[in-house]
Amino acid sequence: MGDAAIRARLRAWLEENLPKEWRTRAFPAQWPPGDDEPGEVAVSRQWHERLHAGGWIAPGWPVEAGGCGLGLTERLEYVEEMARVRAPAPIGFAGVDILGPALIAFGSDEQRRRFLPPILSAEELWCQGYSEPGAGSDLAALATRAERDGTGYVITGQKVWTSYGGRADWCFLLARTGEPGSRHRGISFFLVAMDSPGLEWRPIRQLTGERHFGELFLDAVPVPASGLVGREGDGWAIAMHSLAHERLLSGNVAPVRARLDALLSLLRGRAASAVERHAAAALEARLRAATWLQARALARVQAGAPDAAAWASMVKLVSTELWQAVSELAVTVLGAAATAAPAADGDDAALWAYDLLDGRAGTLYAGTSEVQRNLIAERGLGLPR
């Protein structure tokens, strides 16, 4: 089935299955809501379950694993369609978008049988344990350790910026199994139950007022040998595999397109000044360049080019910085109205104010903008470290 046929089939399915009342936002939510918004969480879960029932929850997974088997081009079109109709974010995105591809590529048959079905159905939710207080941008400096203990492991350490850990059933995390100075070579990838003895998650209140980020404390947490994905020391390769997927897809320009369209609509409704129109035109030019860049990156990734990771970093860098620029202009146009919550004049001012704050995370998650620039320089341009 060609790309056009898949897009047409998805559009027809969305028209029939996405309730009209879920399409009222000016632009789509980038991520699922925090636990502070139980009504929104319920919508996010219902949408995940509806996508699963319709066979659309895992567009990039192989068909034999329960996915749609779509190629990268088709997956980007999938994201575009979801953004176009302002669909909610499915609640189990971390399992579907980040862990699932890693298990399919590196997990054992037993791990795939055990974990993939409940990821698809959202019966089990996942969070990610990569960053640490002393290992954020330099992830290879992580200090959390996994020591062999009989047939399994005991993990001790601390993680931070663990999204949605408060409602997660499981965490996929990185821990050092090699010597303290082993850097990339001594890191392994583990699956850890969140109800394990010795494990504690503490929420962090964000700039937006939400608390879906948190800290994860591990005090001699027991993990069976079946919780190790791949071999000891494979963790860096597995993490980079999952991050490459996250960077290309989280950096997709479709949500930015939806935001810019909402901004243009806002400007048309407010008799925008020449300065505001000029600024919006500059953003439109940047977005068109980013769309071209994404197409080039997609071609490099599909061809298995050695610099594909650098191209994915370019897309992530450009699109997340553009997202921030769009919300900044919207809040500048709205002025004092953007501080109102909820907005009283029907122009979604409070939503723009939230997006301005929420967009700050875009240049941090999946590697900061500084990390992306280093990757582009080293892997794309061949510059020294």
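Bear in mind the structure is a predicted one, so any value in this text is a computation, not a measurement. (Residues numbered from 1 in each chain as written. Predicted model: local features only at pLDDT ≥ 70, side-chain atom pairs only at ≥ 80, totals over all residues. Heavy atoms only, no water.)

**Description of the layout of surface pockets**
- Volume-wise, the largest pocket comes out at about 1,300 Å³.
- Lining the largest pocket are 47 residues, with Ser131, Leu364, Tyr365, Ala366 and Gly367 sitting closest to its centre.
- Taken together, the residues that form the lining of the largest pocket break down as 25 nonpolar, twelve polar and ten charged. (1 Å grid on protein atoms, 1.4 Å probe; cavity = no way out; pocket = protein on both sides within 12 Å on 5 of 7 lines; lining within 4 Å. Points joined across faces, edges and corners; volume = space filled by probe spheres on them. Nonpolar A, V, L, I, M, F, W, Y, C, P; charged D, E, K, R; others polar.)

**Side note on the packing of aromatic side chains**
- With the rule as written, the count across this model stands at 13 aromatic pairs.
- Ring geometry for Trp22 versus Trp47: centroids 6.2 Å apart, planes at 90 degrees, classification edge-to-face. One end of the pair, Trp22, is in the loop between helix 1 (3-17) and helix 2 (38-54); the other, Trp47, is in helix 2, with 25 residues separating them in the sequence. Considered together, Trp22 and Trp47 belong to a single accessibility category, that of buried residues.
- Summarising the aromatic geometry, the rings of Phe27 and Trp352 are spaced 4.6 Å apart at their centres and angled 50 degrees between planes, so their arrangement reads as tilted. (Phe/Tyr/Trp six-rings, centres within 6.5 Å; stacked < 30°, edge-to-face > 60°. Helix = DSSP H or I, 4+ residues; strand = E, 2+ residues; numbered from the N terminus. Buried < 20%, exposed > 50% of the residue type's maximum accessible area, 1.4 Å probe, protein only.)

**Things to note about empty space enclosed by the protein**
- Scanning the model with the defined rule gives three cavities of 30 Å³ or more in all.
- One number sums up the size of the largest cavity: a volume of about 60 Å³.
- Around the largest cavity, the lining residues are Ile91, Gly92, Phe93, Ala94, Leu125, Trp126, Tyr164, Arg167 and Ala168.

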